[in-house]
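Architecture and fold: a report
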Amino acid sequence: MTPAPPTRDRRRTAILVIAALDALLLLFPPVQWWLASGDATVGIGYFLVAGLLVTLSVVAIHHLDASAGEDER
């Protein structure tokens, strides 16, 4: 038996949570400063990993939004 797809409210909440985490990850420099602690290699790594995570989250949001459109048909 397959699990029921998430409801529209749960999808909307998931999208908002993902967007908030992305904003925190990219727009809150003290996170990067704390992790890097003056090490340029860690700073660049943070920049690259953060970019990858945000890109993956955009794909996840797209899939959540696309599955919401299928329910409306």
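Bear in mind the structure is a predicted one, so any value in this text is a computation, not a measurement.

1. With respect to the overall build of the protein chain
A count of helical and extended segments in the protein chain gives 3 helices and 0 strands. Helices and strands appear in the protein chain in the N-to-C order α-α-α. Counting over 73 residues, the protein chain shows a buried share of 15%. Accessible surface, the protein chain as shown: approximately 5,900 Å² in total, 70% of it carbon and sulfur.

2. So, the environment of glutamine 32
Structurally, glutamine 32 is set in helix H2 (residues 29–36). Residues glutamine 32 and glycine 43 lie 11 residues apart in sequence; the distance between their C-alpha atoms is 6.6 Å. Beyond its immediate stretch of four places on either side in the chain, glutamine 32 contacts Gly43 and Tyr46.

3. Some points on the environment of histidine 62
Residue position: histidine 62 is located in helix H3 (residues 40–71). Histidine 62 gets classed as exposed once you look at its relative accessible area, which sits at 52%.

4. What to know about a nonpolar patch on the surface
A contiguous nonpolar patch, built from Val17, Leu21, Leu24 and Phe28 and spanning about 370 Å² of accessible area, is present on the exposed surface. Residue placement: leucine 21 occurs in helix H1 (residues 8–27).

5. Regarding the side chain of serine 57
As for its position among the elements, serine 57 is in helix H3. Accessibility expressed as a relative area gives 10% for serine 57, which makes it buried. In this view, serine 57 contacts Ile18 and Asp22; residues no more than four positions away in its chain are not counted.

6. Observations concerning the confidence of the model for the protein chain
Mean pLDDT over the protein chain works out to 82, with 85% of the residues at or above the 70 mark. Ranking the elements of the protein chain by mean pLDDT puts H2 last with 77 and H1 first with 89.

Rules behind the numbers
- Residues numbered from 1 in each chain as written.
- Predicted model: local features only at pLDDT ≥ 70, side-chain atom pairs only at ≥ 80, totals over all residues.
- Heavy atoms only, no water.
- Helix = DSSP H or I, 4+ residues; strand = E, 2+ residues; numbered from the N terminus.
- Buried < 20%, exposed > 50% of the residue type's maximum accessible area, 1.4 Å probe, protein only.
- Areas by Shrake-Rupley, 256 points an atom, 1.4 Å probe, with all protein chains shown as cover.
- Contact = heavy atoms within 4.5 Å.
- Patch = residues over 30% accessible without salt bridge, like charges linked within 9 Å, V, L, I, M, F, W, Y side chains within 5 Å.
- Salt bridge = Lys/Arg side-chain N within 4 Å of Asp/Glu carboxyl O.
- pLDDT = per-residue confidence, 0-100.

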